[in-house]
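# Descriptive structure summary
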Amino acid sequence: MENQKILSAFSYLSIFFAPFIVPLIVYFVTKDADIKRHSIRALVSHLIPFVFGILFFIVFVFSTFSLDPTSSNSTVMIIWFISFAIYGIVSLGIVIWNIIQAVRVIR
């Protein structure tokens, strides 16, 4: 029972050192359905900032193409700032959520 809690918590806390690898390994190595459920939840939560990062990178790249060297580009800078702010808030929220889930699993 204690090993199950540790593996489940380890899946959530792996966001700090190996976000995609650890939950996948735990999922394929274990046979316990509860641990598999936690590892999938951890993997999905680790993928969310990655997907947001790709989306905001695309916004950054396409907005760079629209830059006109003769204009002030304040609209583009606002879009960049909002994109990075949203990315930061989402990433911080996901990290906090993973820590809370790891603590809940251990209890």
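These figures come from a predicted structure and were not determined experimentally. (Residues numbered from 1 in each chain as written. Predicted model: local features only at pLDDT ≥ 70, side-chain atom pairs only at ≥ 80, totals over all residues. Heavy atoms only, no water.)

## Observations regarding the nonpolar core
Threshold: Nine residue types can take part in a nonpolar core, namely buried Ala, Val, Leu, Ile, Met, Phe, Trp, Tyr and Cys, and a core is a set of them joined through side-chain atoms within 4.5 Å. Working definition: with a 1.4 Å probe on protein chains only, accessible area under 20% of the residue-type maximum means buried, over 50% means exposed, and in between means partly exposed. Only heavy atoms matter for contacts: two residues are in contact if any of them lie within 4.5 Å across the pair.
Core analysis: the biggest nonpolar cluster contains 5 residues, these being Ala9, Tyr12, Ala42, Ala102 and Val105. Once residues lying within four places of it in the same chain are set aside, the contact partners of Tyr12 are His38, Arg41, Ala42, His46, Trp97, Asn98, Gln101, Ala102 and Val105.

## Quick notes on the UniProt feature "transmembrane region" (unreviewed entry) in the protein chain
To be explicit about the condition: UniProt positions are given in the numbering used here, feature names are shortened, and annotations may be inferred rather than shown by experiment. By the criteria applied, helices consist of DSSP H or I runs no shorter than four residues and strands consist of E runs no shorter than two, each listed in order from the N terminus.
Following the UniProt record, one finds the feature "transmembrane region" (unreviewed entry) at residues 6-30, 42-65 and 77-100. Annotated as 68% helix and 0% strand, the span residues 6-30 places its first and last C-alpha atoms 12 Å apart. This span, residues 77-100, is 100% helix and 0% strand, and a straight line between its end C-alpha atoms measures 34 Å.

## Remarks on the packing of helix 1 (residues 2-13) against helix 4 (residues 74-106)
Note the cut-off: Fitting a line to C-alpha atoms yields each axis, with helices limited to the stretch in contact; the angle taken between N-to-C directions then spans 0 to 180 degrees. If an angle is under 35 degrees, it is roughly parallel; if it is over 145, roughly antiparallel; if it lies from 65 to 115, roughly perpendicular; otherwise it is oblique.
In the contact formed by helix 1 and helix 4, the axes pass within 8 Å of each other and the chain directions differ by 175°. One way to sum up the angle between helix 1 and helix 4 is to call them roughly antiparallel. Together, Lys5, Ser8, Ala9, Tyr12 and Leu13 of helix 1 and Trp97, Asn98, Ile99, Gln101, Ala102, Val105 and Ile106 of helix 4 make up the contact between the two elements.

## What about helix 2 (residues 21-29)?
Along an α-helix, residues three or four positions apart point the same way, because every turn accommodates 3.6 residues. Selection rule: The reported arc concerns the directions from the helix axis to the C-beta atoms and nothing else.
Among the residues of helix 2, those classed as buried are Val22, Pro23 and Val26. Along helix 2, the residues classed as buried sweep out an arc of 95° about the axis, all on the same side. For helix 2, the exposed residues set more than 90 degrees away from the buried face come down to Ile21 and Phe28.

## A word on a nonpolar patch on the surface
Spelled out, the test is: Each patch is built from residues that are more than 30% exposed by relative accessible area and take part in no salt bridge. Like charges join if they lie within 9 Å; nonpolar side chains (Val, Leu, Ile, Met, Phe, Trp, Tyr) join within 5 Å. Each accessible area is a Shrake-Rupley estimate made with a 1.4 Å probe; only the visible protein chains count as cover when residues are assessed. The salt bridge criterion pairs a side-chain nitrogen of Lys or Arg with a carboxyl oxygen of Asp or Glu, the two atoms within 4 Å.
A contiguous nonpolar surface patch, about 950 Å² in accessible area, is contributed by Leu47, Phe50, Val51, Ile54, Leu55, Phe57, Ile58, Phe60, Phe62 and Phe84. Among the elements that line the nonpolar patch, the one with the most residues is helix 3 (residues 33-65), at 9 residues. By the element assignment, Ile58 lies in helix 3.

## Digging into the packing of aromatic side chains
As a reminder, the rule being used: Here a pair means two rings of Phe, Tyr or Trp (six-membered ring of Trp) with centres within 6.5 Å. Their orientation is stacked below 30 degrees between planes, edge-to-face above 60, and tilted elsewhere. Here, over-ring charges are defined by two tests on the NZ atom of lysine or the CZ atom of arginine: distance to the ring centre within 6 Å, and angle to the ring normal within 35 degrees.
Taken as a whole and judged by the stated rule, the model has 6 aromatic pairs. On the numbers, 5.8 Å between centres and 45° between planes, the contact of Phe52 with Phe56 is tilted. In this pair, Phe52 and Phe56 are both assigned in helix 3, 4 residues apart and thus about one turn of the helix distant. For Phe52, a relative accessible area of 28% gives the class partly exposed. What makes Phe56 buried here is its relative accessible area of 15%. Taken together, the aromatic side chains of Phe52, Phe56 and Tyr87 make up a single cluster linked through ring pairs. Over the face of the ring belonging to Tyr27 we find Lys36, whose NZ or CZ atom lies 4.4 Å from the ring centre.

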